[in-house]
Amino acid sequence: MNPFTRIKPIQDANKFIDMAFRRASKVEPSLPQKLPPLLKAKKREEARVRKVAQFLHDRFNNIVKQFPKINDLHPFYRDLTDVLVGVDNLKKYLASLRGAAKVIMKIANEHIRNIRRATDPNEAAKERKAAYGRIASFVKKLNERLIFLEDARSKLKRLPSIDPDMPTIVVAGPPNVGKSTLVRVVSTAKPEIATYPFTTKTLILGHFKADNKKYQILDTPGLLDRPLSERNKIELQAIMALRHVASIIVFMVDPSETCGYSLDMQLSIYEDIKESFNIPIIPTINKVDISAPEMIEKAKNVVGDDAIEMAAIKGLGIKELMERFQSFLEKEAL
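Okay, so let's go over this structure.

1. Some remarks on the environment of Ser262
Part 1: Position of Ser262 among the secondary structure elements: in the loop between strand 4 (248-253) and helix 9 (263-276).
Part 2: The class for Ser262 is partly exposed, based on a relative accessible area of 35%.
Part 3: In this structure the side chain of Ser262 is engaged in a polar contact, spanning 3.1 Å, whose partner is the backbone nitrogen of Met265.

What follows is the structure, given as structure tokens:
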């Protein structure tokens, strides 16, 4: 399942500073009534500095702990993390936040020692303010890292909760050929449908049952006919799904070319996927209700005569596709 969903929102530097100072302002240590005024003042200022430092120390360490260990992630999530936010940067910023927590405690302890040596209440208060100033200045320098981590959390939490042990059908193909429509028709997923490319900007997971067995079906962003090194982050999500979780690939082409891409380009992508992945492929020819017969035949010449002819939006070919799913999955289980 998605290992990033439990990470809580990460505030910016100013918010953390305000929260820490607000909590510290309410600190009133319980002290003996007979304690000399100077000692009371020093105890109060020390407690407030300690509260600020401990709050920030704990919050920063909790952020680090909430993120899963990158090296322990399933390859699907590890590679997607790299595509979406960059694994090296994520590791670097998490490590720096852990180090920052230690620095904050070090700053606080330096000023606490000075507070304990203070000779009057004003000197103790001045030392507490100096601690606040240094800690605030240091935390503000972390703002870029905090913003990066919140952005990473926001992107990664939206990844689908894939069960790597469940048979998974990955629907792939160029943009706007009908992938989202197919996934919506056969499963529980409700992807956004539109008539422009890259409506699906992330992976959308659905489930369906057949013969009392549960399956995953994954809607992927559209692929364009270009080398892997030139693919954008949206396309690379589809590649990661194909590489790591696909039990079967359903590849869709649109011979009507209403998707906005030539059939030749679509078939070139099919050939590339077929050569790149050692995974069973069910080729489907969608939008046959609005496609010229000669274009359907042209598609069949490349993807094979056994390709399923479909009009997913009307439910045409869905039953045959589901039967093909089961046949493939039963063979895989043997």
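2. Details of the sheet that holds strand 5 (residues 281-285)
Part 1: The strand order across the open sheet formed by six strands is 2-3-1-4-5-6, and the pairing between neighbours is mixed. Only two strands of the sheet have a single partner each, and these edge strands are strand 2 (204-210) and strand 6 (308-309).
Part 2: The pairing of strand 1 (residues 168-172) with strand 3 (residues 213-219) spans four bridges and is parallel. Bridge pairing in strand 3 links Val170 to Leu218.
Part 3: Its contacts with the sheet place helix 7 (residues 179-186) against strand 1, strand 2, strand 3 and strand 4, and it is angled at close to 160° to strand 3.
Part 4: Contacts between helix 10 (residues 293-303) and the sheet are confined to strand 4, strand 5 and strand 6, with strand 5 contributing the most and set at about 170° to the helix.

3. Quick look at unusual backbone geometry
Part 1: With phi around 65°, Asn176 is a residue other than glycine that occupies positive phi space.
Part 2: Mapped onto the elements of the fold, Asn176 is located in the loop between strand 1 and helix 7.
Part 3: The buried category is assigned to Asn176, whose relative accessible area is 18%.
Part 4: Backbone geometry at Glu257 places phi at a positive 60°, although glycine is not the residue there.
Part 5: With respect to the helices and strands, the residue Glu257 is situated in the loop between strand 4 and helix 9.
Part 6: Overall, Glu257 belongs to the partly exposed group, its relative accessible area being 33%.

4. Looking at the packing of aromatic side chains
Part 1: The full count for this structure, using the stated rule, is five aromatic pairs.
Part 2: Between Phe76 and Tyr77, the aromatic rings sit 5.0 Å apart at their centres with planes inclined by 70°, giving edge-to-face as the arrangement.
Part 3: In this structure Phe76 comes out as buried when scored by relative accessible area, which is 0%.
Part 4: The cationic tip of Lys92 hangs over the ring face of Tyr93; the distance from NZ or CZ to the ring centre is 5.2 Å.

What counts and what doesn't
Residues numbered from 1 in each chain as written. Predicted model: local features only at pLDDT ≥ 70, side-chain atom pairs only at ≥ 80, totals over all residues. Heavy atoms only, no water. Helix = DSSP H or I, 4+ residues; strand = E, 2+ residues; numbered from the N terminus. Buried < 20%, exposed > 50% of the residue type's maximum accessible area, 1.4 Å probe, protein only. Polar contact = N/O pair within 3.5 Å; in protein donor to acceptor, adjacent residues only side chain to side chain. Pairing = 2+ DSSP bridges. Contact = heavy atoms within 4.5 Å. Axes fitted to C-alpha atoms, helices over the stretch in contact; angles between N-to-C directions. Phe/Tyr/Trp six-rings, centres within 6.5 Å; stacked < 30°, edge-to-face > 60°. Lys NZ or Arg CZ within 6 Å of the ring centre and 35° of its normal.

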